[in-house]
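# Architecture and fold: a report
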Amino acid sequence: MLSIKDLRANVGDKEILKGLSLEVKAGEVHAIMGPNGSGKSTLGHVLAGRENYEATAGSVDFDGKNLLDMDIEERSREGLFLAFQYPVEIPGVSNMEFLKTAVDAVREHRGMEPIDSVQFMKLAREKCKAVNLDDQFLKRGVNEGFSGGEKKRNELMQMMLLEPKLCIMDETDSGLDIDALQVVAEGVNAMRSEDRAIVLVTHYQRLLDYIKPDFVHVLSGGKIIKSGDRSLALELEEKGYGWITKEVA
Amino acid sequence: MSQGEQAQIDNLLKNDYEAGFYTSVESDTLPPGLDEDVIRFISGKKGEPEWMLDWRLEAYRGWQEMTEPEWAHVRYPKVDFQALSYFSAPKSMADKPKSLDEVDPELLRTYEKLGIPLHEQEMLAGVAVDAVFDSVSVATTFRSKLKEAGVIFCSISEAVHEYPELVKKYLGSVVPRKDNFYAALNSAVFSDGSFVYIPKGVRCPMELSTYFRINEAKTGQFERTLIIADEGSYVSYLEGCTAPMRDENQLHAAVVELVALGDAQIKYSTVQNWYPGDKEGKGGIYNFVTKRGVCHDNAKISWTQVETGSAVTWKYPSVVLRGDNSVGEFYSVALTNNFQQADTGTKMIHMGKNTRSTIISKGISAGQSQNAYRGLVRMSQRAEGARNYTQCDSLLIGDRCGAHTFPYIESRNPSAVVEHEATTSKVSDDQLYLCQQRGLDAEKAVSLIVNGFCKEVFKELPMEFAVEAGKLLEVSLEGSVG
């Protein structure tokens, strides 16, 4: 589904990704771990197409298409979803309105009619329940006055509604207490399916106790320096990142 | 920005002003120039009584001694008042058609194209329309139905003949003839406009609305609106405006007077979409307007305006809170794009005891435009226990535009409370990114964000208008990103 080859990318003038390669197939869950400043979040933004995050070399193939050629919104409509680490507030725009506009944009791209409002309302309430958010949140401004945990659950709810092919979750576990973490993990697990891939970007192992990845990668200095299965994550928790960066150096 | 994006934006900009067409009808248009003979001509054309002509001439003499105000935060080449024509009317209106069937179909089509069908059966149920085309009122709908309720809704020219006592008593009672330069000019040469009278205790059974259309070139439009809500009555009034796209600037100098007698309520909503000029700042309407209302005891006047058009806007819908416990409200969205300039706001003059006023102003600047809020809150000596709350928010799109806030607060009563809050924010790249990551294109994202910013004002608009206002913002913002 996602094939990244020797990707180099700058943020502004600074090179952050320095030849990163990664293969993700449908149905798989990958975890990308690494020390602070290793380029984990950058990877998500480069894939999403954020302004100022510029790929300078290498290729990214997404479901047979050249991802790097597409606009931000096109990538989204093709099924790439990035759950933000720090989702911004959009005052006055109700969550409901925002979600429906987003869902309709994706539907239009797929040649479908806009979703019926009543049907959408029902669906949105269901998803709220699934992530343990009161459905009053649908009436409030997008992320307006939400707590950190509520913002993360709101991101997850959007992901559920948009049903993307590829979910990239940027530090979704940060700032969550253990109860909220479990809710989020359950939501993500419910999203696992044969035709969907999930990439978890995380600093800590703890999220992986609840969402069991098929692969774990260590990102350091802008490259993936080690890949393995879940046991790699446990090893990292025990020993930290020091040994592995040294081993590679 | 990629070439593709640029092309896309250019394409959007090309057809952004849908009301910019010209209707080809034969018109009687006065040659340019202004003197007492022109005023006699206008008055004669309308068969006005002597007192009306005298009133106009008095205004004209006052105007000649006045100078154009220059304190507003706008710049534009001086208007040559002798180069304008002060009267233009479609020839077919000369015989004063008695019903819609006699009105030139070309005129009716103009309003249909603008989305305002004048045939009653096709109209939005519950909205009566007075359609003003250049200097004359073309038609007023639903008159008989309104008459049943005792409501008078007609053109001001008719009112001068039919209801001279009301006109004599109230015309100029809120905005005196020599109030300011443009009001004086309007008083001298006003051509048409709407007149409304709601009798005691009557709740007007439908929304009233006037649609102003400038059509002829080199003419000014000077309409005059007078609304009187008698004791305990209620009326909601809407106003819409458009004009063809032209390279030269055109002047629109209107006066609106509202009188809310004891316990009466007037809700006045405007969606102003005069031609704003092109993206280089060429052409567009100069919108120099005086709007004011007077509240008697326990009365309430609420102004809601959505201002997206005009090259230059100079407009301060105000409320004089004369009676005790009266209430004034001002809800405003002013959007400027490209080279538009707006200097708009309100005046709340608290004279009565326990009077209250609320001001919510949302200014949005894009392109290289300049957008200023100017507002006066005056608490007079007698205004025991009066309160004002002002909230003034500015939103910037891009980094070449300007937002300015000029609040004036005068308090002569120590028990009066005045609160003022102001914010300035930018549509952030992060907000755009979040929207685009969820599949919205940049234009849609900006319009969504701006609509959210304006929500507090839009919710004050009547339903149909709120939808129109949202769409209008979207159109006016086209080309503002990138």
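What this report covers is the structure whose coordinates are included nearby. (Residues numbered from 1 in each chain as written. Chains lettered and ligands numbered in written order. Predicted model: local features only at pLDDT ≥ 70, side-chain atom pairs only at ≥ 80, totals over all residues. Heavy atoms only, no water.)

### A look at the overall build of chain A
The following threshold applies: We count a stretch as a helix when DSSP gives it H or I for four or more residues in a row; a strand needs E for two or more, and each element gets its number in order from the N terminus. With the radius of gyration taken over C-alpha atoms, the globule rule is written as 2.2 Å times the number of residues to the power 0.38. Each residue gets one of three labels from its accessible area relative to the maximum for its type: buried under 20%, exposed over 50%, partly exposed in between, using a 1.4 Å probe on protein chains only. The contact rule is simple, with two residues in contact once any of their heavy atoms fall within 4.5 Å.
Helix and strand content of chain A: eight helices and twelve strands. Computed over C-alpha atoms, the radius of gyration of chain A comes to 18 Å, within 12% of the 18 Å expected from 2.2 N^0.38 for 249 residues, which places it in the range of a compact globule. Dimensions of chain A, computed from the C-alpha atoms along their principal axes, are close to 55 × 40 × 35 Å. Among the 249 residues that make up chain A, the fraction classed as buried is 54%. Here the analysis covers contacts within chain A between residues at least 6 apart in sequence; of these, 68% occur between residues at least 24 apart.

### Let's talk about helix H4 (residues 117-130) of chain A
Residues and elements named next belong to chain A. For clarity, the cut-off: Helix span, expected: 1.5 Å multiplied by one less than the number of residues in the helix. The arc in question is the one spanned by the directions pointing from the helix axis to the C-beta atoms. Here a polar contact means two N or O atoms within 3.5 Å. Within protein one must be a hydrogen donor candidate and the other an acceptor candidate, and residues neighboring in sequence count only if both atoms are side-chain atoms.
Compared with the 20 Å implied by 1.5 Å per residue over 14 residues, the 20 Å span of H4 between its first and last C-alpha is a close match. Among all positions of H4, only Phe120, Ala124, Lys127 and Cys128 are buried. Within H4, the buried residues cover an arc of 105° as seen down the axis, which keeps them to one side. When the buried face of H4 is taken as reference, the exposed residues oriented beyond 90 degrees from it are Val118, Lys122 and Lys129. Packing partners of the buried residues in H4 comprise helix H3 (95-109) and helix H5 (148-162). Between the side-chain oxygen at the start of H4 and the backbone nitrogen of Val118 there is a gap of 3.3 Å, and the oxygen is on Asp116.

### Concerning unusual backbone geometry
Residues and elements named next belong to chain A. Not every positive phi belongs to a glycine, and Asp63 is a case in point at roughly 55°. Mapped onto the elements of the fold, Asp63 is located in the loop between strand E4 (53-62) and strand E5 (65-66). Of note, Asn143 is a non-glycine position whose phi angle comes to about 60°, a positive value. Mapped onto the elements of the fold, Asn143 is located in the loop between strand E8 (141-142) and H5.

### A word on the pattern of salt bridges
Residues and elements named next belong to chain B. Stated formally: A pair is scored as a salt bridge if a Lys or Arg side-chain nitrogen falls within 4 Å of a carboxyl oxygen belonging to Asp or Glu.
This structure, assessed with the given rule, holds 30 salt bridges over all chains. Between Glu48 and Arg56 there is a salt bridge; the shortest N-O distance is 2.9 Å. The pair formed by Glu48 and Arg56 is uniform in burial state, with each residue classed as buried. The partner of Lys315 in a salt bridge is Glu307, and the shortest N-O contact between them spans 2.3 Å. Taken together, the shared-partner salt bridges in this structure form one network comprising Glu36, Arg40 and Arg61.

### Describing the interface of chain B and chain A
One frequent convention defines the size of an interface as the accessible area lost when the parts assemble. Selection rule: The term buried area refers to how much accessible surface (probe radius 1.4 Å) is lost by two components on association, counted for both of them together. For this scheme, ten residues count as nonpolar: Ala, Val, Leu, Ile, Met, Phe, Trp, Tyr, Cys and Pro. Four count as charged, namely Asp, Glu, Lys and Arg, and the remainder, Gly too, count as polar.
With 19 residues of chain B at the interface, the matching set in chain A holds 30 residues. For the pair chain B and chain A, the summed buried surface comes to about 2100 Å²; carbon and sulfur atoms form 61% of the total. Looking at the side of chain B facing chain A, the largest losses of area belong to Tyr433(B), Gln437(B) and Arg438(B), adding up to 37% of the total buried there. Inspection of the chain B/chain A interface yields three salt bridges. In this structure, Arg50(A) engages Asp430(B) in a salt bridge whose closest nitrogen and oxygen atoms are separated by 2.7 Å. Where chain B packs against chain A, one counts 14 residue pairs in polar contact (both at pLDDT 80 or more). Of all elements in the fold, only helix H9 (429-437) and helix H10 (442-458) of chain B reach the threshold of two or more residues within the side of chain B that touches chain A. Across the side of chain B that touches chain A, the residue classes break down as eight nonpolar, five polar and six charged.

### What to know about the pairing of strand E11 (residues 215-220) of chain A
All names here are of chain A. Condition: Pairing between two strands requires that DSSP report at least two bridges joining them.
By the criterion of burial, E11 is predominantly enclosed, with five of the six residues buried. Here strand E3 (residues 29-33) pairs with E11 via four bridges, running parallel. When the sheet's bridge partners are listed, Ala31 is paired in E11 with Val216. Pairing analysis gives five bridges linking E11 to strand E12 (residues 223-228), with the strands arranged antiparallel.

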